[in-house]
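Here is what each chain is made of, one letter per residue.
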Amino acid sequence: MQRAALGFRVHSGWTAAVAVTLADGTPAVLSRQKIELVNTFTYKFRQPYHTAKRIGLKDAPKFVAGVQADAIALALAAIAAVQNDLNKNGCKLTHCALLQAAGRALPALDKILASHALIHTADGELFRNSIANATETCGLSLTKIKERELLDQASAVLRIKPDALQRRLTDLGRPLGPPWSQDEKLSALAAWLCLASP
């Protein structure tokens, strides 16, 4: 059975997800999708820490925990569906690659809610952590990659210059048609890197 990896580039309330396999070292896209990480795609839920600031510190922890529980459940269902689809097509999903932001540790909730910049960071981290939790529940190996380091890291491992690698990524999505934006390209590259790394 061919191995496959699933790459994620997360946004508030959703994530791009691209599954890739390698055939003789050449990547091929097996699936691409937008996975909703909230049950209701409104500002209230896709920006949970912004909402938490408005509802106040007393009710914020329960609200944020509820959004995270929903996000984990939605991610888990989507990843399991990808696993099943790939298995039916003779591929085994073994790895996931999750693109990360700068990786700044978050303080306590009261301090997060006192800072607009930290609120934005916390919103992103909630959804990235939900993906990480779901991949672990599915028994998949998870690699976290800082997005700003991805291209250089991939260039070194794959031995392809960054400009040539960008062209390869564009070509990789051409047979699929749109959407093949930066979200899909970076998700695919993260998955490719995951499979190619020792």
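Above this note sits the structure.
Criteria and cut-off values
- Residues numbered from 1 in each chain as written.
- Predicted model: local features only at pLDDT ≥ 70, side-chain atom pairs only at ≥ 80, totals over all residues.
- Heavy atoms only, no water.
- Helix = DSSP H or I, 4+ residues; strand = E, 2+ residues; numbered from the N terminus.
- Rg over C-alpha atoms; globule rule 2.2 N^0.38 Å.
- Buried < 20%, exposed > 50% of the residue type's maximum accessible area, 1.4 Å probe, protein only.
- Contact = heavy atoms within 4.5 Å.
- Areas by Shrake-Rupley, 256 points an atom, 1.4 Å probe, with all protein chains shown as cover.
- Lys, Arg positive; Asp, Glu negative; His and termini not counted.
- Charge placed at Lys NZ, Arg CZ, Asp CG, Glu CD.
- Pairing = 2+ DSSP bridges.
- Axes fitted to C-alpha atoms, helices over the stretch in contact; angles between N-to-C directions.
- Phe/Tyr/Trp six-rings, centres within 6.5 Å; stacked < 30°, edge-to-face > 60°.
- Lys NZ or Arg CZ within 6 Å of the ring centre and 35° of its normal.
- Disulfide = S-S within 2.5 Å.
- Parallel < 35°, antiparallel > 145°, perpendicular 65-115°, else oblique.

Let's talk about the overall build of the protein
Alright, step 1. From N to C terminus, the protein includes eight helices and five strands.
Alright, step 2. Ordering the α and β elements of the protein from the N terminus gives β-β-β-α-α-α-β-α-α-β-α-α-α.
Alright, step 3. Computed over C-alpha atoms, the radius of gyration of the protein comes to 17 Å, within 12% of the 16 Å expected from 2.2 N^0.38 for 198 residues, which places it in the range of a compact globule.
Alright, step 4. Projecting the C-alpha coordinates of the protein onto the three principal axes gives extents of approximately 55 × 35 × 30 Å.
Alright, step 5. When the 198 residues of the protein are sorted by exposure, 47% land in the buried category.
Alright, step 6. Contacts in the protein between residues far apart in sequence, at least 24 positions, make up 68% of those at least 6 positions apart.
Alright, step 7. In the structure as shown, the protein presents an accessible area of about 9800 Å², 52% of it carried by carbon and sulfur atoms.
Alright, step 8. Looking at the protein, you have 24 positive and 16 negative side-chain charges, and the mean spots of the two groups are 1 Å apart.

Remarks on the sheet that holds strand β4 (residues 91-100)
Alright, step 1. Here five strands make up an open sheet; going across it, the order is β3-β2-β1-β4-β5 and the pairing mixed. The open sheet has two free edges, formed respectively by β3 (26-36) and β5 (141-146), since each of these has just one partner strand. Direction aside, neighbouring strands of the sheet carry axes that sit 25° apart on average.
Alright, step 2. For strand β1 (residues 2-11) and β4, the ladder comprises seven bridges, and the chain directions are parallel. Among the inter-strand pairings, Ala4 is bridged to a residue of β4, identified as Leu93.
Alright, step 3. Helix-sheet contacts for helix α3 (residues 60-88) involve β1, β2 (14-23), β3 and β4, and the interaxial angle to β4 is about 140°.

Observations concerning the environment of Leu113
Alright, step 1. Of note, Leu113 is situated in helix α4 (residues 109-113).
Alright, step 2. A sequence separation of 57 residues divides Leu113 from Gly56, and the C-alpha atoms of the two residues are 8.8 Å apart.
Alright, step 3. Discounting residues that sit within four places of it in the chain, Leu113 has contacts with Tyr49, Ala52, Lys53, Leu57, Ala60 and Ile119.

Topic: the packing of aromatic side chains
Alright, step 1. Considering all chains together, one arrives at one aromatic pair under this definition.
Alright, step 2. One Lys or Arg, Lys34, reaches over the ring of Trp14 and ends 4.7 Å from the middle of that ring.
Alright, step 3. Seen from the ring of Phe41, Lys34 lies directly overhead, with NZ or CZ sitting 5.6 Å from the centre.

Thoughts on the state of the cysteines
Alright, step 1. Applying the stated criterion to the full structure yields zero disulfides.
Alright, step 2. Looking at the unpaired Cys138, the closest cysteine sulfur is the one in Cys96, lying at 7.6 Å.
Alright, step 3. On the basis of relative accessibility, which here comes to 19%, the residue Cys138 falls in the buried class.
Alright, step 4. Cys194 takes part in no disulfide bond, and the closest cysteine sulfur to it belongs to Cys96, at a distance of 7.7 Å.

A few points about the environment of Asp110
Alright, step 1. Along the chain, Asp110 turns up in helix α4.
Alright, step 2. In the structure, Asp110 is positioned 67 residues away from Gly177 in sequence and 45 Å away in space, judged by C-alpha atoms.

Here we look at the packing of helix α2 (residues 48-55) against helix α5 (residues 116-137)
Alright, step 1. In the contact formed by α2 and α5, the axes pass within 7 Å of each other and the chain directions differ by 125°. Regarding the angle of α2 to α5, the classification is oblique. Touching Pro48, Tyr49, His50 and Lys53 of α2 are His116, Ile119, His120, Ala122, Asp123, Leu126 and Phe127, all from α5.

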